[in-house]
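Now for the letters of each chain:
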Amino acid sequence: NAGVTQTPKFQVLKTGQSMTLQCAQDMNHNSMYWYRQDPGMGLRLIYYSASEGTTDKGEVPNGYNVSRLNKREFSLRLESAAPSQTSVYFCASRPKSDRRQETQYFGPGTRLLVL
Amino acid sequence: ELKVEQNPLFLSMQEGKNYTIYCNYSTTSDRLYWYRQDPGKSLESLFVLLSNGAVKQEGRLMASLDTKARLSTLHITAAVHDLSATYFCAVGGGSQGNLIFGKGTKLSVKP
């Protein structure tokens, strides 16, 4: 049981390049989330998927797109990377969105540097 | 709009001392979470607090929730070096399980 996995672990992009961050969970969770973490800013929600087939914008969605490929996988795409997107990206999952007692489980993170 | 404020943002403690981290939030919420993050690592769940007056303890850490004051505290008892990490509180912001995070408290415990 690997939990939440993310690939790649680290990536360097040039401004304007595109890339997809991959996230998968093997816990049969319904809800999945993408956050970015910047120094001194805590974690900010980019997009989330409450269940398979649905996605919604979070606090900072501009410049990103997501795909909930199936129940296990939730990818984050940067179509045209900008230096402001340099950050650490965390994927998280949660059993069901409507159960208050359930916490989110986080992946190891992807460190992205945009030059 | 739900906002979450933690203080202090930085905390340097001596081993053996006690201290409290505070988490204030701006609007009503029915759930609050505490996470720990070690440098360069992911977030690990510590506590889930769901009701007014809830108190949970794990080792030297104790978390409490006062929903009327919109305040949660994380109390550290007799700190040890292994507790050095960044601690985040997060408040439930909607029906989809979304969380609004505080900026984190970076704790450094020195001998």
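Going by the structure above, here's the rest.
Residues numbered from 1 in each chain as written. Chains lettered and ligands numbered in written order. Predicted model: local features only at pLDDT ≥ 70, side-chain atom pairs only at ≥ 80, totals over all residues. Heavy atoms only, no water.

How should the overall build of chain B be read in this particular structure?
The number of helices and strands found in chain B is 0 helices and 11 strands. Tracing chain B from N to C terminus, the helices and strands come up as β-β-β-β-β-β-β-β-β-β-β. The C-alpha atoms of chain B give 13 Å as radius of gyration, which agrees with the globular expectation for 111 residues (13 Å, within 12%). Taken along the three principal axes of its C-alpha coordinates, chain B extends 45 × 30 × 20 Å. (Helix = DSSP H or I, 4+ residues; strand = E, 2+ residues; numbered from the N terminus. Rg over C-alpha atoms; globule rule 2.2 N^0.38 Å.)

Mind showing me how you'd approach unusual backbone geometry here?
When glycine is set aside, most residues are seen to have a negative phi, and most peptide bonds are trans. Following Thr7(A), the chain continues into Pro8(A) via a peptide bond in cis, with omega recorded as -5 degrees. Its place among the elements puts Pro8(A) in the loop between strand S1 (4–7) and strand S2 (10–13). The phi angle at Arg70(B) is positive, at roughly 55 degrees, despite the residue not being glycine. For Arg70(B), the location among the structural elements is in the loop between strand S7 (61–66) and strand S8 (71–76).

I tried to follow the sheet that holds strand S3 (residues 19–25) of chain A on my own but got confused; where do I start?
In any sheet, the strands associate via hydrogen bonds between backbone groups, in a parallel or an antiparallel arrangement. Residue and element names in this part refer to chain A. Taken in spatial order, the 4 strands make up an open sheet running S1-S3-S8-S7, and their pairing is antiparallel. Either end of the sheet is taken by a strand with one partner, and the two such strands are S1 and strand S7 (64–68). Here the average twist between neighbouring strands, direction ignored, is 20 degrees. Pairing geometry for S1 and S3, over 4 bridges, is antiparallel. Within S3, the residue paired with Gln-6 across the bridge is Cys-23. (Pairing = 2+ DSSP bridges. Axes fitted to C-alpha atoms, helices over the stretch in contact; angles between N-to-C directions.)

Help me understand the pattern of salt bridges in this model?
Two side chains with opposite charge may pair up if their charged atoms get near one another. Within the structure shown, the criterion is met by 5 salt bridges over all chains. Among the ionic pairs, Arg36(A) bridges to Asp38(A), the shortest N-O distance being 2.9 Å. Note on accessibility: Arg36(A) and Asp38(A) belong to one class, buried. Between Asp38(B) and Arg36(B) there is a salt bridge, with its nearest N and O atoms 2.9 Å apart. Residue classification places Asp38(B) among the partly exposed positions, given a relative accessible area of 27%. Several salt bridges share partner residues, and in doing so they unite Arg36(A), Asp38(A) and Arg44(A) into one network. (Salt bridge = Lys/Arg side-chain N within 4 Å of Asp/Glu carboxyl O. Buried < 20%, exposed > 50% of the residue type's maximum accessible area, 1.4 Å probe, protein only.)

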